[in-house]
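Chain by chain, the residues run as shown.
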Amino acid sequence: MRKKHLRITPYFAVLGIISMILGGIVVQSAQATPLPETGKMIGAPAQAPAAYTPSEDVVFNEPHGSKAEEREILTQVVRSIDAVPSGGQARGATYLFDRIEVSNAFIRADRDRKVVVKLVIDRIARNRAPVRKLIAAFKNGGKSGRSVVKIYAKAKYSMHPKFVLLSQSGDAKEVVQWGSANWTYKNSAVNYNDWVTQYGCNYKFLVREFDRLISAKKAFPAGRSNSAPCGQVTNTPVYGANPWTTTFNSIDCKEGTIVEAAVMKWTSTAAAKAARKAQARGCKVRLLTNRSSEWISSGVVKELKKKTDRGKIELYKAKPGHGLHDKWMVVRGKKQVSVYTGSLHPGWGSQRGVQMMMRLQNTEFARALAVRYHDRFEYRVDKKRAQRR
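Note that this is a predicted model, so its numbers are computed, not measured.

**Describing the environment of Tyr340**
Inspection of the secondary structure assignment puts Tyr340 in strand E17 (residues 337-342). Accessibility expressed as a relative area gives 4% for Tyr340, which makes it buried. It is 6.6 Å that separates the C-alpha atoms of Tyr340 and Met357, two residues lying 17 residues apart in sequence. Other than its neighbours up to four places away in sequence, Tyr340 contacts Thr247, Lys327, Trp328, Met329, Val331, Met357, Met358, Arg359 and Gln361.

**Thoughts on the pairing of strand E13 (residues 284-289)**
Across a regular strand the side chains alternate sides, sitting on one face of the sheet and then on the other. The buried count for E13 comes to five of six residues, which makes it a mostly enclosed element. Sheet analysis places strand E12 (residues 258-263) next to E13, joined by six bridges and oriented parallel. Looking at the pairing, Glu260 lines up with Arg286 of E13. Here four bridges tie E13 to strand E14 (residues 314-318), and the two strands are oriented parallel to one another.

**Remarks on the confidence of the model for the chain**
For the chain, the average pLDDT comes to 81, and 79% of its residues sit at 70 or higher. The low-confidence segment residues 1-49 (pLDDT under 50) makes 207 contacts with residues lying over four places distant or belonging to another chain.

**Some details on the pairing of strand E4 (residues 116-122)**
Here E4 lies mainly inside the structure; seven of its seven residues are buried. Where burial is concerned, the two faces of E4 agree: the one with Val116, Lys118, Val120 and Asp122 and the one with Val117, Leu119 and Ile121 are both buried. In this structure, strand E3 (residues 89-94) lies alongside E4, joined through six bridges in parallel fashion. From the neighbouring strand, Gln89 faces E4, where its bridge partner is Val116. For the crossover from E3 across helix H3 (residues 100-113) to E4, the handedness is right-handed.

**What to know about the nonpolar core**
Formed by 40 residues in total, the largest nonpolar core has its most connected members in Val120, Met159, Leu165, Trp178, Leu288, Leu369 and Tyr373. Of all the elements, helix H6 (residues 203-215) adds the most residues to this core, at seven residues. If you look at the next biggest cluster of nonpolar residues, it comprises 30 residues, including Val59, Leu74, Leu134 and Leu166.

**Concerning the pattern of salt bridges**
According to the stated counting rule, one finds 19 salt bridges in the structure shown. With a shortest N-O distance of 2.6 Å, Glu101 and Arg71 are connected by a salt bridge. Placement of Glu101 in helix H3 and of Arg71 in the loop between helix H1 (67-70) and helix H2 (72-82) is noted, with a sequence separation of 30 residues between them. The buried category is assigned to Arg71, whose relative accessible area is 2%. Within this structure, Glu260, Lys284, Arg286, Glu314, Arg332 and Glu378 form a network of salt bridges that share partners.

**Describing unusual backbone geometry**
Leave glycine aside and you will find that most residues have negative phi; peptide bonds, for their part, are mostly trans. Despite not being glycine, Glu174 has its phi angle at roughly 50°, a positive value. The residue Glu174 is located in strand E7 (residues 172-179) in this model. Positive phi outside glycine occurs at Asn362, with the angle close to 55°. Considering the arrangement of structural elements, one finds Asn362 in the loop between strand E18 (356-361) and helix H10 (364-380).

Analysis parameters
- Residue positions are given per chain, counting from 1 as you read along its sequence in written order.
- Whole-chain, interface and lining totals are the exception, using all residues; otherwise, since this is a predicted model, local features are given only for residues with pLDDT of at least 70 and side-chain atom pairs are given and counted only at 80 or more.
- Hydrogens and water are ignored here; the side-chain numbers use all heavy atoms of the structure.
- A run of H or I in DSSP becomes a helix once it reaches four residues, and a run of E becomes a strand once it reaches two; helices and strands are each numbered from the N terminus.
- Exposure categories follow from relative accessible area, calculated using a 1.4 Å probe and restricted to protein chains: below 20% of the type maximum is buried, above 50% is exposed, and the middle band is partly exposed.
- In what follows, a contact means two residues having at least one pair of non-hydrogen atoms within 4.5 Å.
- Strands pair, by our definition, only if DSSP identifies at least two bridges between them.
- Here pLDDT means the predictor's own confidence in every residue, given as a number from 0 to 100.
- When the strands point away from the viewer and the path from the first strand over the helix to the second turns clockwise, the crossover is right-handed.
- Definition of nonpolar core: a set of buried residues of the types Ala, Val, Leu, Ile, Met, Phe, Trp, Tyr and Cys, connected through side-chain atoms within 4.5 Å.
- Note on definitions: salt bridges are taken to be side-chain nitrogens of Lys or Arg within 4 Å of carboxyl oxygens of Asp or Glu.

What follows is the structure, encoded as structure tokens:
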């Protein structure tokens with residue numbers, strides 16, 4: 001059963017852990033409208049529809065559901081971009097990109113409303129038709145005169161976050177949207193993903209860091225961090241312990257704390273040991289992973305299945321044909337409620353290049369999201385949808 005979307009107050013704490021830059025990302029609406037399957041331009045008025053404003057919430061797509069359910073995240077991306085008013089700014093980044101409706105939305109914003117569009121896209125997607133179309137449209141700055149697409153082509157590194165930063169969308173200003181979904185068919189119709197929207201918090205800092213990345217000529221910009229009343233963002237290369245390891249190690253497991261996570265790829269045995277130790281300290285740890293050893297190593301599975309004095313971790317594998325692209329964890333305790341989400345997997349290889357992991361903790365917004373993620377976890381580990389390892 002699909003959950004009703006929430007409308008939540010905008011102030012909450014955020015801790016971003018990013019290899020080299022930050023993420024941001026997408027949107028939630030009262031109803032999702034399926035997008036056309038055609039590659040033709042999607043018609044839209046020159047002025048953004050004033051009736052639409054993205055709400056602060058999380059949205060999940062539903063692979064193998066209706067077209068509207070499959071494409072809900074993509075629909076929210078397009079509607080949010082279409083709601084940027086004339087003269088506004090839209091920044092975004094993604095790893096994979098094959099959806100023409102998303103590129104069309106960015107092109108419409110520049111062409112019809114003179115919105116300045118700045119995009120960073122990983123080299124792996126540079127030959128895709130939507131990306132080529134954007135490059136052609138913004139070759140000379142587009143209609144705004146300042147729109148640009150940068151193909152991130154650093155050797156041995158990747159541009160992995162998926163985010164959008166919008167100066168305004170509908171009535172909401174300084175919209176930051178982030179999640180696990182690339183702008184692709186597979187990430188809507190095949191794989192499960194999450195997408196979060198927030199207003200204001202650290203927006204200006206994230207814009208500055210994005211502009212540092214897009215203007216970099218030869219090397220990664222040095223990492224920086226930022227504190228704000230609503231939370232903290234840290235922008236730094238991750239060459240030490242994987243953030244998933246340090247996160248599991250930092251959880252207060254007193255008073256019946258429950259930890260639930262859904263993870264696409266897991267190769268870090270250190271993170272697996274940290275999860276098992278959290279179980280041993282008294283946390284109830286519940287994990288959902290992909291089935292194949294391509295995505296979760298045998299060493300990780302062996303570590304996660306070890307017994308502790310407090311019992312074993314509840315370890316589930318996805319139902320065949322239902323791929324996970326998630327990278328999120330929820331901690332629910334009497335004193336600590338945290339939501340971690342972004343593009344970072346618990347594995348060493350994922351720490352190279354540009355990555356993102358955000359933390360929302362102990363606020364009204366974080367508590368509301370924690371309920372939504374918990375409900376999603378329960379839905380996903382239903383016996384008809386997942387199997388115990």
